[in-house]
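# Fold and geometry: a report
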Amino acid sequence: QSSGTKKYLLYAGGEVLLIVIGVLFALSLNNMNNFRVDRLHSKQILKRVDGELQANLKQISSLQKMVEAKLVALDSIAPYLDRSKTVKDPEAFLNNVIRASTFGWEQPAMDQTTFDEIVSSGTLALILNIEIRLKLSRFYHTASQREHRSSMRITQFPKVSYALIPRETENTPRDGLTPEDLQTIAQDILDSDLRNHFIPERNRTKFMLTIWQSIQEEAVELVNLIRPPQAPDMVLAP
């Protein structure tokens with residue numbers, strides 16, 4: 001009877017061991033499957049982030065050119081506002097004042113729809129590469145701070161100029177203005193307090209160029225990290 005009990009216990013122990021092994025194997029398969037699913041989600045998220053960053057880089061490049069044109073226009077009207085030069089071509093002067101007033105109403109914001117979505121849905125952690133995850137969060141946080149700082153520097157320059165120049169469109173003087181009309185408007189601008197807002201507007205324009213240059217450089221660095229040229233799958237390594 002003692003021998004039979006011993007055999008039974010050995011048999012029962014073997015059954016338990018097989019069950020434990022089976023459970024551990026099933027868990028292992030489940031973990032492997034979950035990891036494959038996470039890798040797939042990571043690829044999908046990074047693909048969307050990459051597309052968003054690429055779109056932002058194109059937008060930033062376009063905005064930089066327009067703000068550079070704004071800075072040129074500001075520099076061109078400076079000698080007239082400080083009365084060191086006399087306006088001889090009022091139409092050209094008005095056009096430069098209008099160009100100098102662009103991007104004065106708001107700070108164009110970078111698109112971060114995908115990033116906001118993965119943060120709010122809690123799927124940011126599915127980006128397996130911790131370095132990418134941290135740099136991505138830092139990038140959008142810093143960009144938002146810079147854009148906010150630029151918005152806080154908005155001046156009265158565009159508002160004053162807009163009130164003084166009759167417009168056909170936002171960026172062009174009204175059609176049909178006579179040379180006398182143009183000269184009168186130019187003189188009204190020179191007699192206004194627009195010059196008092198010139199330096200703050202010029203400083204903000206330079207600041208806008210600085211922050212977009214920084215954002216552009218950091219976005220390029222992030223894109224290169226997400227998809228390094230020689231090893232596109234390395235970005236998914238945990």
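Everything that follows concerns the structure shown earlier in this document.
Residues numbered from 1 in each chain as written. Predicted model: local features only at pLDDT ≥ 70, side-chain atom pairs only at ≥ 80, totals over all residues. Heavy atoms only, no water.

## Thoughts on the layout of surface pockets
- Volume-wise, the largest pocket comes out at about 310 Å³.
- Along its surface, the largest pocket is lined by 18 residues, and S101, T102, F103, E170 and N171 are the ones closest to its centre.
- Within the residue set of the lining of the largest pocket, elements represented by two or more residues are α1 (2–81), α2 (90–100) and α5 (157–164).
- Grouping the constituent residues of the lining of the largest pocket by class yields eight nonpolar, five polar and five charged. (1 Å grid on protein atoms, 1.4 Å probe; cavity = no way out; pocket = protein on both sides within 12 Å on 5 of 7 lines; lining within 4 Å. Points joined across faces, edges and corners; volume = space filled by probe spheres on them. Helix = DSSP H or I, 4+ residues; strand = E, 2+ residues; numbered from the N terminus. Nonpolar A, V, L, I, M, F, W, Y, C, P; charged D, E, K, R; others polar.)

## Describing empty space enclosed by the protein
- Tallying each qualifying case throughout the model produces one cavity of 30 Å³ or more.
- Every residue lining the largest cavity is listed: Q59, I60, L63, P108, A109, M110, E147, W212 and I215.
- Only α1 and α7 (198–226) provide two or more residues apiece to the lining of the largest cavity.
- At three residues, α1 tops the list of elements feeding residues into the lining of the largest cavity.
- Within the lining of the largest cavity, the residues separate by chemical class into seven nonpolar, one polar and one charged.

## Re the nonpolar core
- Ranked by internal contacts, the top residues of the largest apolar core, which has 30 residues, are L53, I118, I127, L136, F139 and W212.
- Where this core is concerned, the elements lending two or more residues are α1, α3 (113–120), α4 (130–151) and α7.
- When residues in this core are grouped by element, the largest group, 10 residues, is from α7.
- With sequence-adjacent residues up to four places away left out, I118 is seen in contact with I45, V49, T123, L124, I127 and L136.
- Y80, L81, I165 and L182 belong to the second-largest nonpolar core, a separate cluster that totals 22 residues. (Core = buried A, V, L, I, M, F, W, Y, C linked by side-chain atoms within 4.5 Å. Buried < 20%, exposed > 50% of the residue type's maximum accessible area, 1.4 Å probe, protein only. Contact = heavy atoms within 4.5 Å.)

## Looking at the pattern of salt bridges
- This model, assessed by the stated rule, comprises seven salt bridges.
- Here K135 makes a salt bridge to E131, at a shortest N to O gap of 3.3 Å. With K135 and E131 both in helix α4, this residue pair falls four residues apart, about one helical turn.
- The partly exposed category is assigned to E131, whose relative accessible area is 40%.
- As a salt-bridge pair, R146 and E218 come within 3.0 Å of each other at their nearest N and O atoms. One end of the pair, R146, is in helix α4; the other, E218, is in helix α7, and 72 residues separate them in sequence.
- Here the residues in one salt-bridge network are E131, K135 and E221, joined through shared partners. (Salt bridge = Lys/Arg side-chain N within 4 Å of Asp/Glu carboxyl O.)

## A word on the packing of α4 against α7
- Closest axis-to-axis distance for the α4/α7 pair is 10 Å, and the angle between their directions is 170°. Here α4 lies roughly antiparallel to α7, going by the angle between them. Where α4 approaches α7, its residues E131, I132, K135, L136, F139, A143, R146, E147, R149 and S150 are matched on the opposing element by R204, F207, M208, I211, S214, I215, E218, A219, E221, L222, L225 and I226.
- Of the residues contributing to the contact of α4 with α7, the split by class is 12 nonpolar, two polar and eight charged. (Axes fitted to C-alpha atoms, helices over the stretch in contact; angles between N-to-C directions. Parallel < 35°, antiparallel > 145°, perpendicular 65-115°, else oblique.)

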